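Working through the structure, step by step
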Amino acid sequence: LKEKPDPDPAFVEDIFKAGLLTADPFMLDVLGKTQTAAKTKAPLLILGETGTGKELVAKYIHAVGQREGELVAVNCAQFSPETLKDELFGHVKGAFTGANKDKEGLVAVAEKGTLFFDEIGDMPSDLQTRLLRVLSNGEFYRVGGHSPIKADIRLIAATHQDLESRVNDGLFREDLFHRLNVIRIHVPPLRQRKTDIPLLAEHYLAQ
């Protein structure tokens, strides 16, 4: 087998600027492949164990993709279903008790940018249906609203769970999984990229 050529120094520098400290050939190869994917609008699924840096990879992809808007991140496991629905889609005045004015949700905030769902496997089924509408039709409804709102977003999802198993168990919509699984990236744990340990140790010692 031919050895992989040394990575472009400018490429490594860009990775470091994005907060990704790695010199591991496999990890650099994974990130190199994301450069082409980043310049499309196709949904992207990032898989990997907790703590492997999936959100950092999402930030790198957003930066390379040069979307006009910002990257907006939401952790699906941190909110109750109703709170998550309100956070994502916003609401209209009078939608529920305490809704004294219209609220813009994170989908709207991410317009022309990237919406990053961390722990997408924990998203409630009702919200999975709403998210599928965004991916299928490019529109959404605020809570209590009756007029569709257009959404121009790039969607990146991440999880440490086995989504295929959750689909088989009826916990995750199969059609949503196929929509998200257009481009899949696996982020290896540190134990599989041991050459990065000295690099990370030096970084944290410097801090």
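Structural notes, computed from the coordinates. (Residues numbered from 1 in each chain as written. Predicted model: local features only at pLDDT ≥ 70, side-chain atom pairs only at ≥ 80, totals over all residues. Heavy atoms only, no water.)

Before going further, it helps to examine the overall build of the chain. The helix and strand inventory of the chain stands at nine helices and seven strands. Taking 207 residues into account, the globule formula puts the C-alpha radius of gyration at 17 Å, and the chain, at 19 Å, falls close to it. Across its three principal axes, the chain shows a C-alpha extent of roughly 60 × 35 × 30 Å. When each of the 207 residues of the chain is scored for burial, the buried share is 43%. Here the analysis covers contacts within the chain between residues at least 6 apart in sequence; of these, 71% occur between residues at least 24 apart. (Helix = DSSP H or I, 4+ residues; strand = E, 2+ residues; numbered from the N terminus. Rg over C-alpha atoms; globule rule 2.2 N^0.38 Å. Buried < 20%, exposed > 50% of the residue type's maximum accessible area, 1.4 Å probe, protein only. Contact = heavy atoms within 4.5 Å.)

Packing of helix α4 (residues 81-89) against helix α6 (residues 125-137) brings their axes to within 10 Å, and their N-to-C directions diverge by 20°. Between α4 and α6, the angle falls in the class roughly parallel. Where α4 crosses over α6, the handedness of that crossing is left-handed. Facing P81, L84, K85, L88 and F89 of α4, the residues of α6 in contact are D126, L127, R130, L131 and V134. Tallied by class, the residues present in the contact of α4 with α6 amount to seven nonpolar, no polar and three charged. (Axes fitted to C-alpha atoms, helices over the stretch in contact; angles between N-to-C directions. Parallel < 35°, antiparallel > 145°, perpendicular 65-115°, else oblique. Left-handed = near helix turned anticlockwise from the far one by under 90°. Nonpolar A, V, L, I, M, F, W, Y, C, P; charged D, E, K, R; others polar.)

Turning our attention to the sheet that holds strand β3 (residues 114-118). Strand order across the open sheet formed by five strands is β2-β3-β6-β1-β7, with parallel pairing between neighbours. Because the sheet does not close on itself, it has two edges, and the strands there are β2 (71-75) and β7 (183-186). When the angles between neighbouring strand axes are averaged without regard to direction, this sheet yields 20°. Bridge count between β2 and β3: five bridges; the pairing is parallel. (Pairing = 2+ DSSP bridges.)

Examined against the element boundaries, T159 turns out to sit in strand β6 (residues 154-159). Reaching out from T159, the side chain makes a polar contact with the backbone nitrogen of Q161 at a distance of 2.9 Å. Look past the residues within four positions of T159 in its chain and what remains in contact with it is I46, L47, G48, K54, E119, I120 and G121. (Polar contact = N/O pair within 3.5 Å; in protein donor to acceptor, adjacent residues only side chain to side chain.)

We now examine helix α2 (residues 25-38). In an α-helix there are 3.6 residues to a turn, and that puts residues three or four apart on one side. The end-to-end C-alpha distance of α2, which contains 14 residues, comes to 20 Å, matching closely the 20 Å that a straight helix rising 1.5 Å per residue would cover. Considered for burial, the residues of α2 that qualify are M27, L28, V30, L31, T34, A37 and A38. The buried side chains of α2 occupy one side of the element, clustering within an arc of 165° when seen end-on. Of the exposed residues in α2, the ones pointing more than 90 degrees away from its buried face are K33 and T36. (Expected span 1.5 Å × (residues − 1). Arc of directions from axis to C-beta.)

Everything listed is a geometric property; what it means functionally is a separate question.
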